[in-house]
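Structural description and commentary
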Amino acid sequence: MTVTIYQYPKCGTCRKALKWLDENNIAYESVHIVDNPPSESELKKIIEQSDLPIKKFFNTSGKKYRELGLKDKLDDMSDDEKIKLLASDGMLMKRPLVTDGKKSTVGFKEETFESEWK
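For every chain, the first residue of the written sequence is number 1, and numbering continues from 1 onward in sequence order. Per-residue local features of the predicted model are confined to residues with pLDDT of at least 70, and side-chain atom pairs are confined, for both listing and counting, to 80 or more; whole-chain, interface and lining totals are unaffected and use all residues. Derived side-chain values reflect all non-hydrogen atoms in the structure, with water molecules and hydrogen atoms excluded from consideration.

The next subject is the sheet that holds strand E3 (residues 97-99). Should DSSP find at least two bridges between two strands, the strands are regarded as paired. Counting from the N terminus, the helices are the DSSP runs of H or I reaching at least four residues and the strands are the DSSP runs of E reaching at least two. A sheet is described by the order of its strands in space; here four strands give the open sequence E2-E1-E3-E4, paired in mixed fashion. If you trace the sheet from one side to the other, it starts and ends with strand E2 (27-32) and strand E4 (104-106), each paired once. On average, each strand axis in the sheet is inclined to that of its neighbour by 15°, with strand direction left out of account. As paired strands, strand E1 (residues 2-7) and E2 are joined by six bridges and run parallel to one another. From the neighbouring strand, Gln7 faces E2, where its bridge partner is His32. Between two residues, a contact is recorded if the distance between any of their heavy atoms is within 4.5 Å. Orientation is described by axes fitted as lines to C-alpha atoms, over the contacting stretch for helices, and by angles from 0 to 180 degrees between their N-to-C directions. Taken strand by strand, helix H2 (residues 40-50) contacts E1, E3 and E4, and its axis lies near 80° from that of E3.

Whenever Lys or Arg places a side-chain nitrogen within 4 Å of a carboxyl oxygen from Asp or Glu, that contact is recorded as a salt bridge. One pass over the full model with this rule turns up five salt bridges. Between Lys19 and Glu23 there is a salt bridge whose closest N-O contact spans 3.8 Å. Highlighted residues: Lys19 and Glu23, both in helix H1 (residues 12-23), separated by four residues, approximately one helical turn. Buried residues are those whose accessible area, probed at 1.4 Å on protein chains only, stays under 20% of the maximum for their type, while exposed residues exceed 50% and partly exposed ones sit between those limits. Take Lys19: its relative accessible area is 52%, and that puts it in the exposed class. Overall, the relative accessible area of 53% leaves Glu23 in the exposed class. For the salt bridge of Lys118 with Glu114, the shortest nitrogen-to-oxygen distance reads 3.6 Å.

Structure (structure tokens):
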């Protein structure tokens, strides 16, 4: 199994996830989430596979999220608007984003990676 991990090299959480994948011999393709963010259609599929609400895919502690005042705007946006916004800027996405085409996870929690990717 090869997974795709959308990550940002300067992100400590992403580095922890990559280290975990390496230590557990999980083959992966690393994609720079800012230079090559997932498209709207890819993102829609990833979100559906995760069974998580779209809001979980936003990097709520990120500078861009705060600059755009998204905390107060997301509730009034449609799902399509949220996906379009996420796909427009990789810095808005919580990371890492991992998918194998069948399931997806967002963020890094060792117990989640153990249950989903091992």
